[in-house]
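# Topology and contacts: notes
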Amino acid sequence: MTTLAPPLARHSAALAKRSLIKTMRTPEALIDVTIQPVIFLLLFTYLFGGAITGDRHTYLQFLLPGMLAQSLAMGGVALGQNLNADIEKGVFDRFRSLPISRAAPLVGAVLADVVRYLSVCVVLLLFGSIMGFRVETGFLPAVAAVALSIGFGLCFCWISVWVGMMVRTSGAVQGVMFLLVLPLTFGSPVFVATDTLPGWLQAFVSVNPITPLVKTIRGLLIGGPVAGPLTTTLMFMAGLLVIFVPLALRAYSRRA
Amino acid sequence: MCGPCQAGVRAVPGTAVSLDGMGTEDLVVRAEGLRKRFGSTQALDGVDLRMRRGTVLGVLGPNGAGKTTAVRVLATLLRPDEGSAFVAGVDVLKNPQEVRRKVGLTGQYASVDEDLTGVQNLVLIGRLLDLSGRDARRRADELLAWFDLTEAAQRPAKTYSGGMRRRLDLAASLVGRPEVIFLDEPTTGLDPAKREDMWGVVRTQVASGASVLLTTQYLEEADALADEIVVVDHGRVIAHDTPDGLKRKVGGQTLRVRPADPGRLPDVLRLLDLLAAPGTSASLDESAGSRPGAVSAPVTSDESLDKLIPALRGERIEVTELALHLPSLDEVFHALTGRTKAEELV
């Protein structure tokens, strides 16, 4: 059996399979993309929903699309941690001594994360519908929302990969990433309408890459403008790749 | 007993080597002037290495001597600050991917993936070396059988013992049938029986045509395996020779004679005294551990033996033991580095 796929794709696929085997062997590593988003959804809907909109169902419709964005941004944190641990254990020394592209181990690990992001989407949409969430647009827009979410997750996680290459311990990866992810996801229209925010915070929200993503997903799931925020989101995604893929690769090459 | 141990064949007996007259086409590793600095530590301070095809080169030195750094440079994991290196005829700095096709590396710490099973670990390496799925699987099964890991093949590597991990790690470096194998302290931390198994593996690889560069802190290991030994200390090569050549270079050979008739001991003592190195004299073996009834004398050259035999015959002295002992590598190491023993520096 010979494949004609270019070597980077072939090697990345083999390494993605490795990551998937590891994930299957440690299902508890999926908590952050299964149980955790559900807990957040329950917490915010029942604890704050009444206070924020006066009606839990209205708030759930507003919250769930945003929850999707937040969970995806958080879902990438584990990737940097795992890669950091792999390097510490010396597994990557083996990969470096093989005639494969330097990028393959990182690309492979990122590709395997698709499973985790898909899990976030499926779990949130299923559990949300049990709680009463309804897609108000249609099947295809909903599929598009899931595809965009996963795509964004694949771009955003390169920040985590880069941090994973830069810091010394996998615990530090989590620390650094949460410093970034928490302001990005809370300083956004995920939980509240942003017109109540003070001016300086509104300024932050307007340049936050999570903002157009939340608006796009919201538009795709419960209706509203899509084209504008989608364009901005795609530009942010491209920007994340252009900046953080080279940074991550360079940091990986330098790490002896 | 595992496969490799039974197949232990001593390859390429230590023929006399002339390092200067060595043609470069025979050299499978050729490094010149390697320097590498980490912060304030000069890990490599101008290292030259030469390894002939089909031989075992032992790189011997205490912890921190620069052995691992040198291996990482040769295996393309690390770029030197200065110097050049060719492995299997390929420039390590200019064409690292080509070098990676030809070498296998087993590091100091087993770099197997603990969450993957033995077979998954090896199949992954095979796939990354562009074997088809079926060929990767076949090669994995072959290596697992050879390293006595077939029964453990379906278990995650985290359940393996230290020795099993080492074997799996070594198997992983052999998946691509490399021309040159780098082993960085392959037996550190293994018990003596496991160490001998590993030696068997090395010998079999060499017998099947590979060249092996191994680093070790164990003088005994270098003596047992290596055709040539490089002694490294403080990032520099301080000696390169065959094990016997090294011992000879440092001197300290001992001539020992045991007469069949203990009554002739005084005569033997007198004869050996004449041959003893300047400033030394022959003595009766009385030290603990040696059987009494023999005479020893430090000598400077092999010729002493040639002179002794006619002398013994002339005096009609029959002997039951007549031997020229080279110093142990421990003594050699001490003489070269001024330190007692490599392991004691840990």
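Computed from a prediction, not measured in an experiment: that's the story for all the values here.

### Quick notes on the overall build of chain A
Helix and strand content of chain A: 12 helices and 0 strands. The secondary structure elements of chain A, listed N-terminal to C-terminal, are α-α-α-α-α-α-α-α-α-α-α-α. Taken over C-alpha atoms, the radius of gyration comes to 19 Å for chain A, in line with the 18 Å a tight globule of 256 residues would show. Projected onto the principal axes, the alpha-carbon positions of chain A cover approximately 60 × 45 × 35 Å. For chain A, the proportion of its 256 residues judged to be buried stands at 50%. Considering only intrachain contacts with a sequence separation of at least 6, the fraction spanning at least 24 residues in chain A is 79%. The averaged location of the 9 negative side-chain charges in chain A is 10 Å from the averaged location of its 18 positive side-chain charges.

### A closer look at the sheet that holds strand β10 (residues 236-241) of chain B
All names here are of chain B. Taken together, the 6 strands give an open sheet; going across it, the order is β6-β7-β8-β3-β9-β10, and neighbouring strands pair in mixed fashion. Across the chains shown, the open sheet's two edge strands, defined by having one partner strand only, are β6 (103-106) and β10. Taken pair by pair, the neighbouring strands of this sheet meet at an average axis angle of 15°, ignoring direction. One ladder, built from 4 bridges, connects strand β3 (residues 56-60) with strand β9 (residues 228-233); its direction is parallel.

### Here's the deal with the nonpolar core
Membership of the largest hydrophobic core comes to 118 residues, with the highest contact counts inside it found for A:F95 and B:L122. It is helix α8 (residues 139-166) of chain A that provides the largest number of residues to this core, a total of 14 residues. Not counting residues within four places of it along the chain, the set of residues in contact with B:L122 comprises B:A140, B:L143, B:L144, B:L168, B:A171, B:A172 and B:V175. Of all hydrophobic cores here, the second largest spans 31 residues; its members include B:L34, B:L49, B:A75 and B:L213.

### Structural notes on the packing of aromatic side chains
Here the structure, examined in full by the defined rule, presents 11 aromatic pairs over all chains. With a centroid separation of 6.1 Å and an interplanar angle of 10°, the aromatic rings of A:F40 and A:F44 are classed as stacked. With A:F40 and A:F44 both in helix α2 (residues 35-53) and 4 residues apart, the pair spans about one turn of that helix. The partly exposed category is assigned to A:F40, whose relative accessible area is 22%. Its relative accessible area of 9% is what places A:F44 among the buried residues. Geometrically, the ring pair formed by B:W146 and B:F147 is edge-to-face, given 4.9 Å between the ring centres and 85° between the ring planes. According to the relative accessible area criterion, B:F147 is buried, its value standing at 1%. An aromatic cluster is present here, built from A:F40, A:F44, A:F48, A:F186 and A:F191 joined pairwise through their rings. Note that A:R218 overlies the ring of A:F62, its terminal NZ or CZ placed 3.7 Å from the centroid. If you follow B:R195 out to its NZ or CZ, it ends over the ring of B:Y218, 4.0 Å from the centre.

### Examining the UniProt feature "domain: ABC transmembrane type-2" (unreviewed entry) in chain A
Within the UniProt annotation, "domain: ABC transmembrane type-2" (unreviewed entry) is assigned to residues 28-255 of chain A. Between the first and last C-alpha atoms of residues 28-255 of chain A the distance is 29 Å; the span itself is 79% helix and 0% strand.

### Thoughts on the sheet that holds strand β11 (residues 253-259) of chain B
Residue and element names in this part refer to chain B. With antiparallel pairing, the 4 strands of this open sheet are ordered in space as β12-β13-β11-β14. The outermost strands of the open sheet, each flanked by one partner alone, are β12 (283-284) and β14 (319-325). Bridge analysis of β12 against strand β13 (residues 295-299) gives 2 bridges, and the strand direction is antiparallel. Across the sheet, residue L284 finds its bridge partner in β13, namely V295. Packed on one face of the sheet, helix α10 (residues 265-275) meets β11, β12 and β13 and runs near 0° to β13.

### Some thoughts on the interface of chain B and chain A
In this assembly, 30 residues from chain B lie in contact with 23 residues from chain A. Together, the buried faces of chain B and chain A total about 2,400 Å²; carbon and sulfur atoms form 56% of this surface. Summed over the three residues of chain B that lose the most area to chain A, namely B:R100, B:D115 and B:L128, the buried surface amounts to 24% of that side. Applying the counting criterion to the chain B and chain A interface returns 6 salt bridges.

### Observations regarding the pattern of salt bridges
Under the defined criterion, the tally for this structure stands at 30 salt bridges over all chains. Salt bridges linked by common partners bring A:R18, A:K22, A:D86, B:D113, B:D115 and B:K158 together as one network.

### Comments concerning the UniProt feature "transmembrane region" (unreviewed entry) in chain A
All names here are of chain A. Under the present numbering, the feature "transmembrane region" (unreviewed entry) in UniProt falls on residues 29-48, 60-83, 104-127, 139-163, 175-194 and 234-252. Annotation note: span residues 60-83, helix share 96%, strand share 0%, distance between end C-alpha atoms 35 Å. Helix makes up 100% of residues 139-163 and strand 0%, and the two end C-alpha atoms of the span are 37 Å apart.

### Overview of helix α5 (residues 133-146) of chain B
All names here are of chain B. A rise of 1.5 Å per residue sets the reference length of α5, with its 14 residues, at 20 Å; its end C-alpha atoms lie 20 Å apart and thus fit the reference within 8%. The set of residues buried in α5 consists of A136, R139, A140, L143 and L144. Around the axis of α5, the buried residues are gathered within 135° of arc, so they sit on the same side. Residues of α5 that are buried sit in contact with α4 (118-128) and α6 (162-174). Count one or two residues on from α5 and you reach D148, which has phi positive near 60°.

### Focus on the packing of helix α6 (residues 104-112) of chain A against helix α7 (residues 114-131) of chain A
Residues and elements named next belong to chain A. It is the contact of α6 with α7, at a shortest axis distance of 4 Å, that shows an interaxial angle of 20°. Of the possible angle classes, the one that applies to α6 and α7 is roughly parallel. Residues V110, L111 and A112 of α6 touch α7, and the partners they reach there are V114, V115 and R116. Classifying every residue of the contact of α6 with α7 by side-chain character gives 5 nonpolar, no polar and 1 charged.

### Topic: unusual backbone geometry
All names here are of chain B. Notably, A88 is not glycine yet its phi reads approximately 50°, a positive angle. Relative to the elements of secondary structure, A88 occurs in the loop between β4 (82-87) and β5 (90-91). A88 gets classed as buried once you look at its relative accessible area, which sits at 11%. In this structure, H234 takes a positive phi of about 50° despite not being glycine. Take H234: it is sitting in the loop between β9 and β10. Given a relative accessible area of 56%, H234 falls into the exposed group.

Rules and cut-offs
- Residues numbered from 1 in each chain as written.
- Chains lettered and ligands numbered in written order.
- Predicted model: local features only at pLDDT ≥ 70, side-chain atom pairs only at ≥ 80, totals over all residues.
- Heavy atoms only, no water.
- Helix = DSSP H or I, 4+ residues; strand = E, 2+ residues; numbered from the N terminus.
- Rg over C-alpha atoms; globule rule 2.2 N^0.38 Å.
- Buried < 20%, exposed > 50% of the residue type's maximum accessible area, 1.4 Å probe, protein only.
- Contact = heavy atoms within 4.5 Å.
- Lys, Arg positive; Asp, Glu negative; His and termini not counted.
- Charge placed at Lys NZ, Arg CZ, Asp CG, Glu CD.
- Pairing = 2+ DSSP bridges.
- Axes fitted to C-alpha atoms, helices over the stretch in contact; angles between N-to-C directions.
- Core = buried A, V, L, I, M, F, W, Y, C linked by side-chain atoms within 4.5 Å.
- Phe/Tyr/Trp six-rings, centres within 6.5 Å; stacked < 30°, edge-to-face > 60°.
- Lys NZ or Arg CZ within 6 Å of the ring centre and 35° of its normal.
- UniProt positions renumbered as here; feature names shortened; annotations may be inferred.
- Buried area = accessible area lost by both parts, 1.4 Å probe.
- Salt bridge = Lys/Arg side-chain N within 4 Å of Asp/Glu carboxyl O.
- Expected span 1.5 Å × (residues − 1).
- Arc of directions from axis to C-beta.
- Parallel < 35°, antiparallel > 145°, perpendicular 65-115°, else oblique.
- Nonpolar A, V, L, I, M, F, W, Y, C, P; charged D, E, K, R; others polar.

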